[in-house]
Protein chains: 2
Amino acid sequence: MRKREGNKEQAILDAAVKVFAQHGYHRAKISSIAEHAKVATGSIYLYYRDKENILLTIFDRFWTTLTAELHIIVKRTDIHPTEKLDLVIDAFFKMFIANSSLATVFVNEQNHLVKDKRSNVAKQFENYLDIAEEIIREGVRKGQFNPDIDIKLFRHYIIGGIRTVLQYWAQQPNTLSLDRICNNVKYFSKNGLLIK
Amino acid sequence: MRKREGNKEQAILDAAVKVFAQHGYHRAKISSIAEHAKVATGSIYLYYRDKENILLTIFDRFWTTLTAELHIIVKRTDIHPTEKLDLVIDAFFKMFIANSSLATVFVNEQNHLVKDKRSNVAKQFENYLDIAEEIIREGVRKGQFNPDIDIKLFRHYIIGGIRTVLQYWAQQPNTLSLDRICNNVKYFSKNGLLIK
DNA sequence: ATTATAATTGAATAATGATTCATTATTCAT
DNA sequence: ATGAATAATGAATCATTATTCAATTATAAT
């Protein structure tokens, strides 16, 4: 027998994130991903059924990781919903600190994947939002969050806001501090623009 | 001579918005746009250089309209920055009331276009944000808006939030009231989640 | 009614790039 | 050292669609 040398599966995934970020999914060429991953074009197909499957794998891992972290945060009883919200936002940003290309791919391709309601990504995303919603409901119950807002809308709004500031950051990851962005987002979401 | 019958240019644009919304720009077929617009495939090329040019025209008109309205709002002296912000958000939503497909196209394709810094869409968008920023600065000057927030970040955040709630709406435009969404967005942006 | 001009058509072409597969290379059990 | 068995290669194939263009049709001026 022959053993697989190195972790080509991961190398392809990493390369794909870079190439997808640079050109967008549809313009990204398999041959270019192969080149970046230092494998032959055909080798890609030993690890992934097709091009779409590469993108799906990227998102699958993304949401699986994030959902696991969210679960832990939601279950905690030692902190207030306000702090939980902070932690969720932290966790979200943390995913991108080491990998700004992932932010770009997330921002640009998430929508297309979610559109297909049968896709696993759509389910994972819905599931994530449902769990996160529980934090908001807890905040409302405890009289800390405004009960009049539409929770479903708010959760979309904040995710969208984050997506876009991330993209802004990903364009110049070295001159902008993700920490600063993260803190601003926490502030916006809780306090808005007005002075109290 | 022969005259052009009907407004094919507009018909193609309208059809393209629908088809781009349904399948995304890259999967959208010129032949399908032609079919929807009730013209022959080749006729598209009498009005638009290529496929990309159709998308660019859609966005060009979108931002031109919106920027004109923004100008008027910013210049007003009879209302407070808070109310100006409301009007800007109103104007934004108004663009989509009659055309939910446009919302989807906006949400999905804007990023890709803006990525190309030389594109006119990128310039128009930057210009729009710059003008809108003036409202925030006015609010800060007048002691109504929090001076500690990062304005550039905030403007991306709110645009992103709006984009995403619009997409949420576009998925089921008949069951969700755009008015309600618009009001929530105004509230989120000004007050955030916390009870005062 | 005829002709010149421009608009329109849609089948044919061309380009692109995902996927396949015949071939070659590498590993390991014997 | 040998030869299964699997991994890897990348040029060839195939499918898809944007774009072109020769032919056709409609309009208006004469």
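The structure this text deals with has already been given above.
The text that follows walks through the structure, step by step, so that each part is easy to find.

Time to look at the interface of chain B and chain A. Contacts between the two partners involve 51 residues from chain B and, on the opposite side, 52 residues from chain A. Here chain B meets chain A over a buried area of about 4,800 Å², counting both sides, of which 62% is carbon and sulfur. Taken together, the links from chain B to chain A amount to two salt bridges. Here A:Asp150 and B:Arg180 are joined by a salt bridge, their closest N and O atoms 3.0 Å apart.

One copy of the chain maps onto the second through a rotation around an axis plus a translation along that axis. Take chain B, turn it by 180°, move it 0.0 Å along the axis, and it overlays chain A with an RMSD of 0.1 Å. Such values leave the two copies arranged in the relation of a two-fold axis. Same-surface contact between copies: 100% of interface residues of chain B are shared with the interface of chain A.

Our next topic: the environment of A:Thr57. Looking at the element boundaries, A:Thr57 is found in helix H4 (residues 51-75). Remark: the alpha-carbon pair of A:Thr57 and A:Ala132, spanning 75 residues in sequence, is separated by 23 Å.

This part is about the packing of aromatic side chains. This structure, assessed with the given rule, holds 33 aromatic pairs over all chains. With 5.2 Å between their ring centres and 50° between their planes, B:Trp63 and B:Phe125 make a pair best called tilted. Separated by 62 residues along the polypeptide, B:Trp63 in helix H4 (residues 51-75) and B:Phe125 in helix H7 (residues 120-141) bring together distant segments of the chain. Across the pair, B:Phe125 and B:Trp63 agree in class, each one buried. Through a chain of ring-to-ring contacts, the aromatic side chains of A:Phe59, A:Phe62, A:Trp63, A:Phe92, A:Phe96, A:Phe106, A:Phe125 and A:Tyr128 assemble into a single cluster. Here the basic side chain of A:Lys51 rests over the ring of A:Tyr25, its NZ or CZ set 4.7 Å away from the ring centre.

Here is what the cut-offs are and how they apply
Residues numbered from 1 in each chain as written. Chains lettered and ligands numbered in written order. Predicted model: local features only at pLDDT ≥ 70, side-chain atom pairs only at ≥ 80, totals over all residues. Heavy atoms only, no water. Contact = heavy atoms within 4.5 Å. Buried area = accessible area lost by both parts, 1.4 Å probe. Salt bridge = Lys/Arg side-chain N within 4 Å of Asp/Glu carboxyl O. Least-squares fit on C-alpha atoms with pLDDT ≥ 70 in both. Helix = DSSP H or I, 4+ residues; strand = E, 2+ residues; numbered from the N terminus. Phe/Tyr/Trp six-rings, centres within 6.5 Å; stacked < 30°, edge-to-face > 60°. Buried < 20%, exposed > 50% of the residue type's maximum accessible area, 1.4 Å probe, protein only. Lys NZ or Arg CZ within 6 Å of the ring centre and 35° of its normal.

Note that all results are geometric; they support no functional claim without further evidence.
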